[in-house]
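Examining the three-dimensional arrangement
Residue strings, one per chain:
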Amino acid sequence: MSGYLSKLIAVALLPLYTRYLTTGDYGAAEVMFAAVVSASIVIRLGLIEALLRFYYRDDEDPARVVSSSFAALFWFATIAALIALPFAGPISEALLNKPAPDLARISIVGLWVLTLNEYLLTLFRLEERARAFFLTTIINVLAAIALTVVLVVGMEEGARGLLIGSYASGAAVVLALLVVHRRRLSLRFQRPLLRRLMRFGLPTMPAELSLYGLNFVDRIIIVHAAGLPDAGLYSIAVKFAQGVTVLVRGFQLAWPPLAYSIRDDDEARRVYATVVTLFVAGCAFVVTGMWLLSRWLVRALAAPEFFGSYKAIGLLAAAATLYALYMVLVVILGRTGRTEFNFPATAAALAANIALNLALVPPLGIVGAGIALIASYIVVLALMYVFTQRLFPVPYEWGRLLRVLAVSTVLVGLGELLLPTEGFTGLVLRLLFALAYPFALLVTGFFSQGERRWLARLRHPSEVLAGLQALRPVAAGVDGSVPEAYEAELRDEDAHL
């Protein structure tokens, strides 16, 4: 819930931020935010993932697991920050293509804050204190908003204001959580236990880093090939693409428990195929609408200087859908227990992303970066498909999936070629084109007979509501959570506005 709220707030604040920040300022801040997340994945060394596993093991003492893992993470983060601080200038030049040591120093402190904040919030999850987790996260978000508005709007601090606002509020939360959890924490770790934790957690780090790298490398290449202003436009497009991300996040939370709760393999295969088809159809509806209406979205919620960001919104929304499909395959791998295949797939995608960005960003700008991201997710999906089909073959409904792709492509293509790109008439016509999507699926025979009957029931909302209320969660046969490495990456995405 807090993740949804932070994303909605981020979009709602765009009219304010984009009128007080230049595209270059916004781009610089977003690049530094992404760099902090990437560095945090490295210096965590999988310890949070190990904590989540070892805490519940019968042969381990939970108190020792917490104290040792915290001590190690505290010293890793502190030493990394102290080593990085003298190199703030070169770091900023490498990331931003210009000297900005003040932004680098703020971000290095933010690295320490983000890493400890992630760990301390995880303790609430271990204790199953959902309310405390939610309230702490919301307080952090609201404090960051208030401080950022003061710094960016009132004091005109630009990129510095965005970074300080986010990490200063986070530092206050970290200090408060250190007091709350003080009896469980220590600055001394037990080496044998730490070795066991590292042996489990360290192998998760490369896969997590390569996955997040898809959302970081492109911004660095944009900065060096096209400049910070284009990085700012790309970051704004990412924010707008969160319209699909909200839908994707809901699916990511609901999918693993459903997928793991089905114990019969044949039934699981049938359900997986159907769920994938319907989810893709729903996401394609949203992507089609966002692609056709992207110009109006940017005009309504961003300053004119940021209008060029509309060019990448549709591409990034499509990429978010492909990412969700990747998570489907991750869960299928989790069912087989062969999660070691994650890293080869994500590493290949990262390599493809780097190569494609280097080739496409110089001539195409942020459009090239969007195309590269989609192609990279296609690479990871193709490899994961090969791996999962060998281990747990699923009869995907390729005919229906192709209908979804064809309908959305035709609607977007015709809309971009034939319809006006501005004005009220253009808005109405494009909206009608987007709303034609479900009817086009119906005409092409996408829906099965049972699905058509269910759609007919929508004319009677009371029956639909009664059916939903009758649903009950089924106890999962195995751990139904999202794999920790990817859950951490999702939380990291919400670490700033």
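Described below are features of the structure shown in this document. (Residues numbered from 1 in each chain as written. Predicted model: local features only at pLDDT ≥ 70, side-chain atom pairs only at ≥ 80, totals over all residues. Heavy atoms only, no water.)

Some words on the overall build of the chain
We apply this condition: Numbering goes from the N terminus for both helices and strands, where a helix is a DSSP run of H or I of at least four residues and a strand is a run of E of at least two. Between buried and exposed lies partly exposed: a residue is buried under 20% and exposed over 50% of the maximum accessible area for its type, with that area taken using a 1.4 Å probe on protein chains only. A contact between two residues is defined here by any heavy atoms of the two lying within 4.5 Å. Note on areas: these come from Shrake-Rupley sampling with a 1.4 Å probe, and a residue is covered only by the protein chains present in the view.
Looking only at helices and strands, the chain has 24 helices and zero strands in total. When each of the 497 residues of the chain is scored for burial, the buried share is 53%. Taking the intrachain contacts of the chain between residues at least 6 apart in sequence as the baseline, contacts between residues at least 24 apart amount to 83%. Here the chain has roughly 21500 Å² of accessible surface; of this, 68% comes from carbon and sulfur atoms.

Observations concerning the pattern of salt bridges
Applicable threshold: Here a salt bridge means any side-chain nitrogen of Lys or Arg lying within 4 Å of a carboxyl oxygen belonging to Asp or Glu.
What the rule picks out here adds up to eleven salt bridges. Between Arg184 and Glu127 there is a salt bridge whose closest N-O contact spans 2.3 Å. In this pair, Arg184 sits in the loop between helix H9 (159–180) and helix H10 (191–201) while Glu127 sits in the loop between helix H7 (101–126) and helix H8 (130–154), placing the two residues 57 residues apart along the sequence. The exposure class assigned to Glu127 is partly exposed, which follows from its relative accessible area of 24%.

Side note on the nonpolar core
Heads up, the condition is: Take the buried Ala, Val, Leu, Ile, Met, Phe, Trp, Tyr and Cys residues and link them wherever side-chain atoms come within 4.5 Å; each set so joined is a nonpolar core.
If you look at the biggest cluster of nonpolar residues, it comprises 151 residues, and the most contacted ones within it are Leu96, Tyr119, Tyr326 and Met384. At 21 residues, the largest contribution of residues to this core is made by helix H16 (residues 310–336).

Some thoughts on the environment of Phe74
Note that Phe74 resides in helix H5 (residues 62–84). Put simply, Phe74 and Arg44 are 30 residues apart on the chain and 9.4 Å apart in space, counted from C-alpha to C-alpha. Each residue touching Phe74, except ones within four places of it in the same chain, is listed here: Trp112, Leu116 and Leu187.

Examining the packing of helix H4 (residues 47–54) against H5
To keep it simple, the criterion reads: Helix axes use the C-alpha atoms of the stretch in contact, all axes being lines fitted to C-alpha atoms, and the angles between their N-to-C directions lie in the range 0 to 180 degrees. For classification purposes, an angle smaller than 35 degrees is called roughly parallel, one larger than 145 roughly antiparallel, one from 65 to 115 roughly perpendicular, and anything else oblique. Residues are grouped as follows: Ala, Val, Leu, Ile, Met, Phe, Trp, Tyr, Cys and Pro are nonpolar; Asp, Glu, Lys and Arg are charged; all remaining types, including Gly, are polar.
In the contact formed by H4 and H5, the axes pass within 10 Å of each other and the chain directions differ by 180 degrees. The orientation of H4 with respect to H5, classified from their angle, is roughly antiparallel. On the side of H4, the interface is formed by Leu47, Ile48, Leu51 and Phe54, while H5 contributes Val65, Val66, Ser69, Ala72, Leu73 and Phe76. Residues that form the contact of H4 with H5 fall into these classes: nine nonpolar, one polar and no charged.

Some details on a nonpolar patch on the surface
To keep it simple, the criterion reads: Patches draw on residues past 30% relative accessible area with no salt bridge. Two like charges within 9 Å are joined, as are two nonpolar side chains (Val, Leu, Ile, Met, Phe, Trp, Tyr) within 5 Å.
A surface patch of nonpolar side chains, about 620 Å² in accessible area, is lined by Phe285, Phe424, Val428, Leu429, Leu431, Leu432 and Leu435. Element by element, the count of residues in the nonpolar patch is highest for helix H20 (residues 423–435), at six residues. For Leu429, the position within the fold is in helix H20.

What about helix H17 (residues 342–364)?
Our working definition: The span one expects for a helix is its residue count, reduced by one, times 1.5 Å. Given a residue, its bend is the angle between the two axes fitted to the seven residues that end at it and to the seven that start from it.
Taking 1.5 Å of rise per residue, 23 residues should cover 33 Å, and H17 covers 31 Å from first to last C-alpha, within 8% of that figure. The sharpest bend along H17 reaches about 30 degrees and sits at Asn357. Within H17 the residues assigned to the buried category are Asn342, Ala345, Thr346, Ala349, Leu350, Ala352, Asn353, Asn357 and Val361. Positive phi appears at Gly365, one or two residues downstream of H17, with a value of about 65 degrees.

Regarding the side chain of Ser40
Among the structural elements, Ser40 can be located in helix H3 (residues 23–44). Residue Ser40 is classed as buried on the basis of its relative accessible area, which comes to 0%. Excluding its chain neighbours within four sequence positions, the residues that come into contact with Ser40 are Leu111, Leu114 and Thr115.

Describing unusual backbone geometry
In this model, Asn97 sits at a positive phi of 65 degrees, which is unusual for a non-glycine residue. Mapped onto the elements of the fold, Asn97 is located in the loop between helix H6 (88–96) and H7.

Quick notes on the packing of H4 against H7
In a packed pair of helices, the relevant descriptors are the angle between the two axes and the axis-to-axis distance. As a reminder of what qualifies: By definition, any crossing whose near helix is turned counterclockwise from its far helix by less than a right angle is left-handed, and any crossing with a clockwise turn is right-handed.
As a packed pair, H4 and H7 sit with axes 11 Å apart at the nearest point and diverge in direction by 15 degrees. Regarding the angle of H4 to H7, the classification is roughly parallel. Note on packing geometry: the crossing formed by H4 with H7 is right-handed. Here Ile48, Leu51 and Leu52 of H4 come into contact with H7, specifically with Glu118, Tyr119, Thr122, Leu123, Arg125 and Leu126. Across the contact of H4 with H7, the residue classes tally to six nonpolar, one polar and two charged.

Details of the packing of aromatic side chains
Cut-off, in case you're wondering: Aromatic rings from Phe, Tyr and Trp, with only the six-membered ring used for Trp, were paired whenever their centres fell within 6.5 Å, and each pair was classed as stacked if the ring planes differed by under 30 degrees, edge-to-face if by over 60, and tilted otherwise. In this analysis the charged atom, NZ for Lys or CZ for Arg, is taken to sit over a ring once it is within 6 Å of the ring centre and within 35 degrees of the ring normal.
With the rule as written, the count across this model stands at 17 aromatic pairs. With 5.2 Å between their ring centres and 80 degrees between their planes, Tyr55 and Tyr56 make a pair best called edge-to-face. Exposure remark for Tyr55: the relative accessible area of 15% places this residue in the buried category. Taken together through their ring pairs, the aromatic side chains of Phe70, Phe74, Trp75, Trp112 and Tyr119 make up a single cluster. Lying across the ring of Trp296, Arg299 places its NZ or CZ 5.6 Å from the centre.

Regarding the environment of Leu228
Tracing the chain through its elements places Leu228 in helix H13 (residues 228–240). Between the C-alpha atom of Leu228 and that of Glu30, which follows or precedes it by 198 residues, the distance is 10.0 Å. Residues within four places of Leu228 in sequence aside, it is in contact with Thr23, Gly24, Gly27, Ala28, Leu96, Lys98 and Val223.

Regarding H20
Note the cut-off: The arc in question is the one spanned by the directions pointing from the helix axis to the C-beta atoms.
When the terminal C-alpha atoms of H20 are compared, their 19 Å separation across 13 residues agrees well with the 18 Å that a helix rising 1.5 Å per residue should span. When we look at burial in H20, the residues that qualify are Gly426, Arg430 and Ala434. Down the axis of H20, the sector holding all buried residues measures 70 degrees, keeping them to one side. Within H20, the exposed residues directed more than 90 degrees away from the buried face are Phe424, Thr425 and Leu432. Those residues of H20 hidden inside the fold are in contact with helix H15 (265–301), helix H19 (398–418) and helix H21 (437–443).

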